[in-house]
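# Results of the structural survey
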Amino acid sequence: MSSHAPEPSPRRSRRWFLKGLLGAGGLAAAGYGVDKLLPRTLCRPGEWHGPVTDHFDGTFFYNTEPHVPYSTSSLLTWCRDRFSKGVYPELAERACTPQLAPAVQGRDWEITMVNHSTMLIRLGGRNILTDPVFSDYTSPVQGFGPRRRRPPGLTWDELPHIDVCLLTHDHYDHFDVPSLRRLQERDQPLFLLPLGLKSLLEYHCGPCRAAELDWWHAVEESGLRITATPAHHWSNRYRTPHTRNRSLWCGFWIAAPAGPSVYYAGDTARTAWFAQIRRRLGRADVALLPIGQYRPEWIRQNHTSPADAVEAFATLQPRCAIACHFGTWQLANEGYQETLDDLAAALKAHGIPPAQFTAPDNGQTLRGTCGA
């Protein structure tokens with residue numbers, strides 16, 4: 001008797017082929033459906049309808065300086081180069097305990113680093129929160145994407161009532177839906193955001209007190225004058241070109257009458273806008289400048305490295321600067337200590353005392369006085 005297994009019949013082979021074909025077709029159809037669904041739900045963009053300007057063509061916003069947008073190939077390159085990432089140590093507990101004053105009035109200012117670009121700014125008797133992100137992942141779905149390496153410098157219980165929330169653009173490390181929902185439910189602050197972001201905010205959070213601003217436009221709120229400032233960046237919450245740059249990006253200038261002024265750059269690359277901001281708005285008491293997400297070089301085309309931030313400091317000439325956009329999520333390939341070392345080297349090269357440009361840890365509180 002032969003020990004060889006019987007050869008499959010042609011009919012059986014055809015059945016397996018058809019099953020495989022149907023399975024592949026089903027996966028393709030599901031992927032297509034998800035690809036169409038995500039930009040309408042979890043990953044939807046903002047939207048703006050208004051007149052054409054020097055940075056809006058009627059549908060999309062754009063930078064007025066040469067700009068290299070990210071692409072799918074850029075993402076693949078980033079994934080390929082992940083083995084070259086620097087070290088980002090994890091901390092289970094925060095290294096600094098915030099020291100909040102009972103109130104901040106008159107000529108004084110107080111700023112506490114929460115994490116990344118989330119800063120608690122207190123001046124003129126008001127509490128202002130920038131780009132709040134308290135989630136563990138900078139992603140549309142928790143459990144996926146860049147993971148938190150350090151706890152927030154302020155817990156929700158420690159966070160004082162927020163009067164104004166500043167949102168600079170729609171990227172997940174700046175526009176975190178769970179945090180925004182919680183803030184709206186708790187405090188109902190005034191949300192100030194660039195053109196096109198109100199529709200996205202209200203899609204996720206319901207009706208809000210919100211004002212959309214174009215570059216150089218300002219609002220008066222409780223004695224503060226807050227101006228949206230230009231930045232060199234982009235917006236997108238999904239991978240497709242038609243969802244990119246549907247809302248604007250910006251920084252903010254906060255000024256108290258006869259009191260301090262704070263410039264928050266948001267997310268930006270090195271840009272000629274810094275010189276215009278200095279000419280039009282004056283000298284800030286403190287500038288919050290991003291220093292992270294700059295390696296490899298193609299990422300730096302849309303972000304400021306520590307060296308770029310120090311050049312911005314020299315152009316803006318604030319009385320002091322506080323670094324942000326680093327230290328909590330590893331969103332590029334540079335390591336945590338590498339970022340601090342690069343900042344120290346750039347300050348030394350420009351002859352700027354380290355005390356004038358601080359890179360705080362989460363939870364660290366800094367204070368100053370207008371003109372000092």
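Anything mentioned here points back to the structure above.
So, a few notes on the structure that sits alongside this text. (Residues numbered from 1 in each chain as written. Predicted model: local features only at pLDDT ≥ 70, side-chain atom pairs only at ≥ 80, totals over all residues. Heavy atoms only, no water.)

### So, helix H4 (residues 197-205)
- Considered for burial, the residues of H4 that qualify are Leu197, Leu200, Leu201, His204 and Cys205. Across the axial projection of H4, the buried residues extend over an arc of 105°, all falling on one side.
- In this fold, the buried residues of H4 make contact with helix H3 (177-187), strand E5 (190-194) and strand E6 (210-213).
- Immediately beyond the C-terminal end of H4, within one or two residues, lies glycine 206, with a positive phi of roughly 80°. (Buried < 20%, exposed > 50% of the residue type's maximum accessible area, 1.4 Å probe, protein only. Helix = DSSP H or I, 4+ residues; strand = E, 2+ residues; numbered from the N terminus. Arc of directions from axis to C-beta. Contact = heavy atoms within 4.5 Å.)

### Considering the packing of aromatic side chains
- A complete count under the given rule lists eight aromatic pairs for this structure.
- Centroid distance tryptophan 215 to tryptophan 273: 5.4 Å. Interplanar angle 65°. Geometry classified as edge-to-face. Of this pair, tryptophan 215 sits in the loop between E6 and strand E7 (218-221) while tryptophan 273 is found in helix H5 (residues 273-281), placing the two residues 58 residues apart along the sequence.
- The class for tryptophan 215 is buried, based on a relative accessible area of 4%.
- An aromatic cluster of three or more residues is present, and its members are Tyr88, Phe326 and Tyr336.
- Directly above the ring of tyrosine 203 sits arginine 44, whose terminal nitrogen or CZ lies 4.0 Å from the centroid.
- Over the face of the ring belonging to tyrosine 336 we find arginine 150, whose NZ or CZ atom lies 3.9 Å from the ring centre. (Phe/Tyr/Trp six-rings, centres within 6.5 Å; stacked < 30°, edge-to-face > 60°. Lys NZ or Arg CZ within 6 Å of the ring centre and 35° of its normal.)

### Considerations on the sheet that holds strand E1 (residues 108-115)
- Spatial ordering of the open sheet is given by E6-E5-E4-E3-E2-E1-E14, a layout of seven strands whose pairing is mixed. Across the chains shown, the open sheet's two edge strands, defined by having one partner strand only, are E6 and strand E14 (365-369). Direction aside, the axes of adjacent strands within the sheet are offset by 20° on average.
- Of the pairings in the sheet, the one linking E1 to strand E2 (residues 118-123) comprises six bridges and is antiparallel in character. In the strand pairing of E2, asparagine 115 is matched with threonine 118.
- In the packing of H3 onto the sheet, the strands contacted are strand E3 (126-130), strand E4 (164-166) and E5, and the crossing angle to E5 comes to about 145°.
- Relative to E5, H4 is tilted by about 135°, and along the sheet it contacts E5 and E6. (Pairing = 2+ DSSP bridges. Axes fitted to C-alpha atoms, helices over the stretch in contact; angles between N-to-C directions.)

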